[in-house]
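Coordinate analysis (summary)
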Amino acid sequence: MLNTTVPALFYEKNEKDGIRYLVEKFFLTIPVYGYVTNTQEYTTQSESDISYEEIIRQEAADETYVKEQTGEMLAQEQPAAGTENAGTETAGTETTENEIADAGNSPSTDESKESGEAAEKPEGVEVASSGFVPNQTPVVSYAQDKLNDFDYLIQNFYVVDRTTTINSTQLNAADLLSRSMKLTHGADSPQILIYHTHSQERFADSLAGDTSASIVGVGAYLHQLLGKYGFHVLHDTGEYDVESRDDAYSKAGPALEKILKENPGIEVVIDLHRDGVAENTRLVTEVGGKQMASIMFFNGLSRTTANGDIGYLYNPYIQDNLAFSLQMQITAEEYYPGFSRAIYLKGYRYNMHYCPKTLLVEVGAQTNTVEEAMNAMEPLADILAKVLGQ
């Protein structure tokens, strides 16, 4: 009927449904409606076209590619001289001949046996061991009433991927910041686990076969630094992505379960990665006069825009995960402004359901140098110490 009586409407609407077009036009005359709905829930620009059958495979590979998804460049990202656009996360990554550790076997670990005992400095990599002075007082501060404003919070601290949604009930700063992240027991037994779902991730100047110059070497340096703060840390160096990245999370899961069962005192789990960006992008910032890779905290929401909550990717600790990353992000912004990129929210789970205090951290990207990635561990360790209470 509309097509017959109002043909101009269908000429203007292009491919839209006629009724939907009229509804949209109607609500343009009631701007308060848009304001109310926008303050109730933040939704990304387009519906996800990812099916359930693809989710498990996608989860293993796409916690990166952030810039390709958003098409945006954050303020601290600097173009790399003499490079061209082409990058993917696997750029700079070499596959070794090491075999994947069976999920049922004990993973390789690098453990500090005594409280505060540091891991050995990674061999083959020059890392500045001095020159970083932790900030003892905040450089900036954020008023609680500002943080309680959902629009302010989402615009200043988050990037929400188009595959998912989040609302003001779930992202409630008053609730998330009131949850204590302080450790509940001393360093007589392991408190923190560092591991790498994607152990093969390397940097611009990494040498093939040199684990110390990979993300695993960066994890070893974070282990060392946290030991100096008095934490008891385990570093799992198991390899879960040698043959394929597609099932890395499913392979890492049983090993993670085993470590946590054998060490029930572990309260913090850190999955350390590096991001993948276009080859002309470098995620570099300066802290205390040192050039370093900027970091990014990453959360999975077990929810897609198109299909809603994903039952078989259930995570009872989503709110605790969100609380941990937000407290880390705000502490980073207060003490080391510009060091951390906005928290990235995506639709899947990323093995964050094993422990309430779980962080997935992206350290720079394949265009960063090993030294820049190593340097970034110095403020990261200090931020962890401030949030965890030691």
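Rules of the game
Residues numbered from 1 in each chain as written. Predicted model: local features only at pLDDT ≥ 70, side-chain atom pairs only at ≥ 80, totals over all residues. Heavy atoms only, no water. Helix = DSSP H or I, 4+ residues; strand = E, 2+ residues; numbered from the N terminus. Salt bridge = Lys/Arg side-chain N within 4 Å of Asp/Glu carboxyl O. Buried < 20%, exposed > 50% of the residue type's maximum accessible area, 1.4 Å probe, protein only. pLDDT = per-residue confidence, 0-100. Contact = heavy atoms within 4.5 Å. Core = buried A, V, L, I, M, F, W, Y, C linked by side-chain atoms within 4.5 Å. Polar contact = N/O pair within 3.5 Å; in protein donor to acceptor, adjacent residues only side chain to side chain. Pairing = 2+ DSSP bridges. Right-handed = clockwise from strand over helix to strand, strands pointing away.

The name recorded for the chain in an unreviewed UniProt entry is Stage II sporulation protein P, from Roseburia zhanii.

Here we take up the environment of Ile194. The residue Ile194 is located in strand E6 (residues 192-195) in this model. A C-alpha to C-alpha distance of 7.5 Å links Ile194 and His223, two positions 29 residues apart in sequence.

On to the pattern of salt bridges. With the rule as written, the count across this model stands at 13 salt bridges. Its salt-bridge partner being Lys357, residue Glu267 comes within 3.4 Å of it at the nearest N-O pair. Remark: Lys357 occurs in strand E15 (residues 357-365) and Glu267 occurs in the loop between helix H11 (248-262) and strand E8 (268-275); sequence separation between them is 90 residues. Glu267 sits in the buried class, given a relative accessible area of 11%. Measuring nitrogen to oxygen at the nearest pair gives 3.2 Å for the salt bridge that ties Asp275 to Arg341. Of this pair, Asp275 sits in strand E8 while Arg341 is found in the loop between helix H12 (318-335) and strand E14 (343-346), placing the two residues 66 residues apart along the sequence. Each of Asp175, Arg179 and Asp320 takes part in salt bridges that share partners, so that together they form one network.

Let's shift gears to the confidence of the model for the chain. As a note on interpretation, predicted positions should not be read in detail where pLDDT is low. On average, residues of the chain score 77 in pLDDT, and 66% of them are at 70 or above. Counting interchain partners and residues more than four positions distant, the pLDDT-below-50 stretch residues 23-57 has 55 contacts. Of the regions scoring below 50 in pLDDT, residues 64-107 engages in 120 contacts with residues more than four places distant in sequence or in other chains.

Bringing the nonpolar core into the picture now. With 64 residues, the main nonpolar core has Met377, Leu380 and Leu384 as its most contacted residues. In terms of residue count, the dominant contributor to this core is helix H13 (residues 370-388) (twelve residues). Those residues in contact with Met377 that lie beyond four places of it in its chain are Val218, Tyr221, Leu222, Leu225, Leu272 and Val363.

Right, let's get into the side chain of Glu378. Here Glu378 is to be found in helix H13. The buried category is assigned to Glu378, whose relative accessible area is 6%. Among the polar contacts made by the side chain of Glu378, one reaches the side chain of Tyr221 at a distance of 2.9 Å.

Before going further, it helps to spend a moment on the pairing of E6. What you see with E6 is no split at all: Ile192 and Ile194 on one side and Leu193 and Tyr195 on the other are buried throughout. In this structure, E6 lies alongside strand E7 (residues 233-236), joined through three bridges in parallel fashion. Pairing of Ile194 across the sheet is with His235, part of E7. Handedness of the crossover is the feature at issue here: the chain leaves E6, passes through helix H10 (residues 215-228), returns alongside E7, and the resulting connection is right-handed. Taken together, the four bridges between E6 and E8 define a ladder with parallel strand orientation. Bridged to Ile194 within E8 is Ile270.

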